[in-house]
Amino acid sequence: MLKIAVQKSGRLHDESIGLLKECGIRINNGNGQLKTIAANFPLEIYFLRDDDIPQYVEDGVADLGIVGLNILMEKNKKAATILPLSFGQCRLSIAIPKNKIFSDLKDLEGLKIATSYPHILNEYLKAQKIKAEVHEISGSVEIAPGIGLADAICDLVSSGSTLFSNGLKEVQTILQSEALLIGGENLIPENQIILDKLLLRIKAVLKAKNNKYIMLNAPDHRLKAIADVLPGMKSPTIVPLAEQGWSSVQSVVNEEVFWDVIEKLKALDAEGILVIPIEKMIL
Ligand code: PRT
Ligand code: ZN
């Protein structure tokens, strides 16, 4: 039985459980329980505070965990990234009161910086050769400058609205973070086999999210050019239509280039373009 630790409640909880469910793993996570066993996969799930997850993984109490890169780096435990999971994106940034001048990192010299990430911040300042005082606080970091506790803060940012509403401006990003699947050392062979199965499923789910299935009709004389725009998994599927001189083309397109591809297809006389979400993608 493989054991995985996920956040009990908070920003990563829903997507962590959602990902496992999309992998076809049935989990009953009601009743505020601390652990549960999946109904149809050899996986035990622990529900913990995200801060505690790297330690559980280092100790081998959990084989795997889902945490942000920010937590993995801050806790600095013996746990390694297995796979980035494409959710929980945010950045760890230094911010100062918006009326203060900032031209480069040297302006942080001698300042008192409040943060819940003292380890990452100290390492960063050391690498940049900046001498500043790091003041650790555990929550509501954004109010520290306003109440005279610090000159600057180093905290997680996503939309930036928390900084804005506290009269702060972001001056330096020190880490880009997202949720990660992490693991410890020395999985027993039986659990390695389960992990390989789980990884196949997670990769199929993530890949499907980044791709769309596309169907369109095109005049036959355009098929070569359209096939060049739509490489697909191997090559596009092309099927003749009942109407002479026309074919249906089907392929898979990556989200990142999606609108570019659509514009090119329109320019190549494609018609009736249908875009369909993909549930799983196994390569
Ligand atoms: O109880 P537990 O310890 O498990 O949870 P927690 O309160 O420590 O963490 P939680 O649930 O707030 O966040 C869990 C993880 O989500 C973090 O470790 C990050 O990896 C990730 N994440 C993504 C974020 C954010 N986005 C985020 N915006 N974590 C926190 N924030 C906070 C930030 O601290 C600040 O207060 O949101 C505010 C800023 O948001 P914006 O949108 O106003 O910029
Ligand atoms: Zn936490």
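For clarity, every value in this text was computed on a predicted model and none was experimentally measured.

Roughly 1,100 Å³ of internal volume is contained in the largest pocket. Forming the boundary of the largest pocket are 38 residues, of which Arg11, Asn70, Tyr117, Asp155 and Leu156 lie nearest the centre. Taken together, the elements giving at least two residues each to the lining of the largest pocket come down to helix H3 (69–75), strand S9 (152–157) and helix H5 (161–165). Across the lining of the largest pocket, the residue classes tally to 11 nonpolar, 17 polar and 10 charged.

Moving on to the sheet that holds strand S12 (residues 211–219). Strands sit in the order S13-S14-S12-S15 across an open sheet of four strands; the sheet is antiparallel. Because the sheet does not close on itself, it has two edges, and the strands there are strand S13 (237–240) and strand S15 (271–277). Put simply, the sheet's adjacent strands are angled 20° from each other on average, direction ignored. Pairing analysis gives five bridges linking S12 to S15, with the strands arranged antiparallel. Among the inter-strand pairings, lysine 212 is bridged to a residue of S15, identified as proline 277. Helix-sheet contacts for helix H8 (residues 258–267) involve S12, strand S14 (246–254) and S15, and the interaxial angle to S15 is about 160°.

The next subject is the site of ligand 1. In the neighbourhood of ligand 1, 22 residues make up the surrounding shell, with Asp51, Asn70, Ser159, Gly160 and Thr162 lying closest. In the model, an oxygen atom of ligand 1 is placed 2.7 Å from a nitrogen or oxygen of the aspartate 51 side chain. Counting only elements with at least two residues in the shell around ligand 1, the list comes to H3, S9 and H5. Per-element tally for the shell around ligand 1: the top contributor is S9, with three residues. Both domains that furnish three or more residues to the shell around ligand 1 are identified here as domain 1 (2–87 + 178–208) and domain 2 (90–177).

Once that is clear, we can look at helix H1 (residues 13–22). Three or more residues of H1 are buried, namely His13, Ser16, Ile17, Leu19 and Leu20. When H1 is viewed along its axis, its buried side chains cluster within an angular range of 155° and face the same direction. In the core, the buried residues of H1 are packed alongside strand S1 (2–7), strand S3 (43–48), strand S4 (64–68) and helix H6 (189–209). Note on H1: the residue one or two positions beyond its end, glycine 24, has a positive phi of about 80°.

Glancing now at the packing of aromatic side chains. Scanning all chains against the criterion turns up one aromatic pair. Relative to tryptophan 259, the ring of phenylalanine 258 lies with its centre 5.2 Å away and its plane at 80°, an arrangement referred to as edge-to-face.

The next thing to look at is the sheet that holds S9. In spatial order, the strands read S8-S7-S9-S6-S10; together these five strands make up an open sheet with mixed pairing. Across the chains shown, the open sheet's two edge strands, defined by having one partner strand only, are strand S8 (133–136) and strand S10 (168–177). On average, each strand axis in the sheet is tilted by 30° relative to the strand beside it, whichever way the strands run. Here four bridges tie strand S7 (residues 112–115) to S8, and the two strands are oriented parallel to one another. By the bridge assignment for S8, alanine 114 is matched with histidine 135.

Moving on, we get to the coordination of the zinc ion (ligand 2). All of the protein donors around the zinc ion (ligand 2) are Asp50 (OD) and Asp51 (OD); their distances to the metal are 2.0 to 2.1 Å. One can describe the donor arrangement at the zinc ion (ligand 2) as irregular, given that its four donor atoms subtend angles of 76 to 168° at the metal. By relative accessible area, aspartate 50 is classed as buried at 19%. We classify aspartate 51 as partly exposed; its relative accessible area is 23%.

As assigned here, the protein comprises domain 1 (2–87 + 178–208), domain 2 (90–177) and domain 3 (211–277). Its C-alpha centre places domain 1 at a distance of 30 Å from the equivalent point of domain 2. Taken together, the contacts link eight residues of domain 1 with nine residues of domain 2. Summed over both sides, the interface between domain 1 and domain 2 buries roughly 740 Å², with carbon and sulfur atoms accounting for 58% of that surface. On the domain 1 side of the interface with domain 2, the three residues burying the most area are Asn70, Met73 and Glu74, jointly 69% of the side's total. Our count for the domain 1 to domain 2 interface comes out at zero salt bridges. Connecting domain 1 to domain 2 are five residue pairs in polar contact (both at pLDDT 80 or more). Residue contributions to the side of domain 1 that touches domain 2 peak at five residues, all from H3. When its residues are assigned to classes, the side of domain 1 that touches domain 2 shows three nonpolar, three polar and two charged.

Here the structure, examined in full by the defined rule, presents nine salt bridges. Across the salt bridge formed by glutamate 170 and arginine 91, the nearest N and O atoms sit 2.7 Å from each other. Of the two residues, glutamate 170 sits in strand S10 while arginine 91 sits in strand S6 (residues 90–97), which places them 79 residues apart along the sequence. For glutamate 170, a relative accessible area of 29% puts it in the partly exposed group. Note on arginine 91: relative accessible area 22%, which makes it partly exposed. One salt bridge in this structure joins arginine 222 and aspartate 269, with 3.0 Å as the shortest N-O distance.

Calculation criteria
- Residues numbered from 1 in each chain as written.
- Chains lettered and ligands numbered in written order.
- Predicted model: local features only at pLDDT ≥ 70, side-chain atom pairs only at ≥ 80, totals over all residues.
- Heavy atoms only, no water.
- 1 Å grid on protein atoms, 1.4 Å probe; cavity = no way out; pocket = protein on both sides within 12 Å on 5 of 7 lines; lining within 4 Å.
- Points joined across faces, edges and corners; volume = space filled by probe spheres on them.
- Helix = DSSP H or I, 4+ residues; strand = E, 2+ residues; numbered from the N terminus.
- Nonpolar A, V, L, I, M, F, W, Y, C, P; charged D, E, K, R; others polar.
- Pairing = 2+ DSSP bridges.
- Axes fitted to C-alpha atoms, helices over the stretch in contact; angles between N-to-C directions.
- Contact = heavy atoms within 4.5 Å.
- Near = heavy atom within 4 Å.
- Polar contact = N/O pair within 3.5 Å; in protein donor to acceptor, adjacent residues only side chain to side chain.
- Domains from an automatic or database assignment.
- Buried < 20%, exposed > 50% of the residue type's maximum accessible area, 1.4 Å probe, protein only.
- Arc of directions from axis to C-beta.
- Phe/Tyr/Trp six-rings, centres within 6.5 Å; stacked < 30°, edge-to-face > 60°.
- Donors = N, O, S within 2.8 Å, 3.2 Å for Na, K, Ca; no water.
- Tetrahedral: all angles 85-135°; square planar, octahedral: opposite > 155°, others 65-115°.
- Buried area = accessible area lost by both parts, 1.4 Å probe.
- Salt bridge = Lys/Arg side-chain N within 4 Å of Asp/Glu carboxyl O.

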